[in-house]
Amino acid sequence: MSDLVNSFYQNFIEKDRYQYLLDGLKNTLIVTFFAVLIGIAIGFILAIIRSTYDNTKKLKILNFFANVYLTVIRGTPVVLQLLITYFVIFASVNISKLLVAIIAFGINSGAYVAEIIRSGINSIDRGQFEAGRSLGFSYAQTMIYFILPQALKNVLPALGNEFVVLLKETSVAGYIALQDLTKGADIIRSQTYSAFMPLVMAAAIYLVMVIAFDYLIKRLERRLRSSDH
Amino acid sequence: MTTDNSSNSPLIKVRGLCKAFTGIEALKNISVDIFQGDVAFIVGPSGSGKSTFLRCLNRLEEPTGGSIFFDGEDICDKTCNIDLHRQKMGMVFQQFNLFPHLTVMRNLTIGPMKLQNKTKEEAEAKADALLKRVGLSDRRDAYPNQLSGGQKQRIAICRSLCMNPEVMLFDEPTSALDPEMVGEVLNVMRELANEKMTMVVVTHEMGFAREVANRVFFMADGEILEENAPVAFFDHPQNERLRSFLRSVL
Ligand SMILES: Nc1ncnc2c1ncn2[C@@H]1O[C@H](COP(=O)(O)OP(=O)(O)O)[C@@H](O)[C@H]1O
Ligand SMILES: [Mg+2]
């Protein structure tokens with residue numbers, strides 16, 4: 001027992017090492033939060049392009065590029081996407097690692113969000129679309145007022161899950177020497193030569209965040225369902 | 001009930017309308033005039049192209065040939081604003097297609113408010129008046145999934161009427177209903193017909209067609225094989241296919 005207390009003291013209190021975890025957590029949250037925003041924006045746009053093409057055969061060229069993007073992003077590891085973004089695309093630019101991580105993870109997430117939202121749009125009965133159009137709503141208005149609200153409600157669990165995945169995936173940010181939560185724990189390990197305490201603590205922090213997030217999503221889902229009997 | 005409209009120009013003028021799906025000609029060269037105040041019923045066997053015809057009238061299906069004039073304007077022309085014309089052509093679907101995420105009131109007001117710049121008060125006043133007429137004032141704050149099929153269809157009719165359409169298109173409005181709910185929907189349609197609303201109705205309710213229509217059309221294999229006033233249509237059918245169709249359904 002006193003071993004544990006000692007180890008805790010040595011890993012977190014001594015020399016204020018807990019700061020590595022706090023700073024790391026801050027970076028993890030920043031990267032996840034902004035990557036999520038970018039992911040939603042990209043995902044929305046791509047999903048609309050793809051659905052519009054499927055329904056109307058318009059936007060053919062945009063749809064082609066959307067497909068290339070989806071194939072490449074979903075077909076390659078996120079670590080490599082991060083490394084390529086940092087060491088190739090922004091190689092000659094002086095840019096913060098935080099920003100690089102946000103861009104790389106945002107672009108990655110956008111591909112998955114796009115597929116989720118598209119499946120949501122496809123899940124809506126065609127009659128909804130026809131009802132909107134027959135009243136005189138344009139294609140875009142029908143999407144905005146009738147299709148997307150229902151589609152998003154249907155895919156809320158899948159979107160929540162995607163963000164949980166993203167939160168954990170940002171743990172590879174250490175590959176470009178960005179000090180996120182995982183990297184922070186690893187720095188402590190390299191200083192104290194004890195692996196258990198810092199790594200398990202970092203894992204526990206991820207776990208608590210994921211559980212809290214799941215809880216919020218479930219509540220939101222219940223709220224939305226109660227308006228749709 | 002017959003009317004002589006030949007002096008007026010038609011509200012909807014269909015000329016040589018064709019619609020081909022891959023592998024099937026659903027509509028073959030259809031020409032029809034629908035006049036203001038017409039209550040035109042279309043009957044015929046399943047798969048004969050009735051829905052396709054109705055859906056071409058507001059271009060939910062894109063015709064592959066011919067032209068459709070509505071209020072004198074060719075709505076198949078690529079330059080015409082079909083969304084504006086659709087506001088004047090209400091459509092009622094077999095499956096109701098109410099918006100499940102919106103309350104009854106919002107289902108009725110979203111069109112007039114977003115498309116016709118009506119204020120909330122104006123739109124709700126009109127919606128309340130229509131709800132009262134169809135006997136559903138107490139359901140104005142309900143969501144569609146809380147309604148029975150008959151109630152949903154009456155709301156769907158109101159939703160179209162809220163736009164002040166010039167014509168109402170009905171595609172088998174009672175076919176998805178339990179038998180005991182058919183009457184309440186037919187009553188609403190009967191009232192509309194009495195008020196001289198122009199209507200084009202696809203239905204299997206032959207008794208109702210005979211009672212309410214001023215013109216009845218028989219469609220088979222993508223063609224209109226016979227048109228007549230209801231009494232002549234049902235009592236003295238000329239076309240052999242119509243005779244056997246009527247024998248099979250009556
Ligand atoms: N979207 C479609 N794609 C292919 N074929 C279709 C489509 N819609 C209708 N059809 C075909 O067109 C014909 C007419 O269909 P429809 O207008 O629905 O008939 P009705 O309403 O008289 O039962 C049918 O043979 C049907 O299979
Ligand atoms: Mg049909």
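Residues numbered from 1 in each chain as written. Chains lettered and ligands numbered in written order. Predicted model: local features only at pLDDT ≥ 70, side-chain atom pairs only at ≥ 80, totals over all residues. Heavy atoms only, no water.

**Q** Would you mind showing me how to read the overall build of chain A here?
**A** Within chain A, the secondary structure is distributed over nine helices and zero strands. Start at the N end of chain A and walk to the C end: the helices and strands fall as α-α-α-α-α-α-α-α-α. Seen along its three principal axes, the alpha-carbon backbone of chain A occupies a region of about 75 × 50 × 25 Å. Per-residue burial over chain A gives 44% buried out of 229 residues. (Helix = DSSP H or I, 4+ residues; strand = E, 2+ residues; numbered from the N terminus. Buried < 20%, exposed > 50% of the residue type's maximum accessible area, 1.4 Å probe, protein only.)

**Q** Whenever I open this one, a nonpolar patch on the surface confuses me. Can you help?
**A** Residue and element names in this part refer to chain A. The grouping of M1, L4, V5, F196 and V200 at the surface amounts to a nonpolar patch, some 550 Å² of accessible area in total. Among the structural elements, L4 can be located in helix α1 (residues 2-13). The class of L4 is partly exposed, set by a relative accessible area of 43%. (Patch = residues over 30% accessible without salt bridge, like charges linked within 9 Å, V, L, I, M, F, W, Y side chains within 5 Å. Areas by Shrake-Rupley, 256 points an atom, 1.4 Å probe, with all protein chains shown as cover. Salt bridge = Lys/Arg side-chain N within 4 Å of Asp/Glu carboxyl O.)

**Q** I tried to follow the interface of chain A and chain B on my own but got confused; where do I start?
**A** Much of the literature gives interface size as the accessible area that the parts lose upon coming together. On the side of chain B, 25 residues touch chain A, which itself brings 21 residues to the contact. Run the count over chain A and chain B and you get two salt bridges. Here R55(B) makes a salt bridge to E130(A), at a shortest N to O gap of 2.7 Å. Our count for the contact surface shared by chain A and chain B stands at six residue pairs in polar contact (both at pLDDT 80 or more). Listed by contribution, the elements that provide at least two residues to the side of chain A that touches chain B are α6 (126-135) and α7 (139-169) of chain A. Sort the elements by how many residues they give to the side of chain A that touches chain B and α6(A) lands first, with eight residues. Classifying every residue of the side of chain A that touches chain B by side-chain character gives six nonpolar, 10 polar and five charged. (Contact = heavy atoms within 4.5 Å. Polar contact = N/O pair within 3.5 Å; in protein donor to acceptor, adjacent residues only side chain to side chain. Nonpolar A, V, L, I, M, F, W, Y, C, P; charged D, E, K, R; others polar.)

**Q** Explain the pairing of strand β7 (residues 167-171) of chain B to me, please; I cannot follow it from the model alone.
**A** The two faces of the sheet receive side chains in turn, since in a regular strand these alternate between them. All names here are of chain B. With five of five residues buried, β7 is to be regarded as a mostly interior element. Side chains V167, L169 and D171 of β7 all project onto a buried face; the interleaved residues M168 and F170 project onto the opposite face, where all are buried too. As paired strands, strand β6 (residues 89-92) and β7 are joined by four bridges and run parallel to one another. Pairing of G90 across the sheet is with M168, part of β7. Here β7 runs beside strand β8 (residues 198-202); their pairing, made up of five bridges, is parallel. If you follow V167 over to β8, its bridge partner there is T198. (Pairing = 2+ DSSP bridges.)

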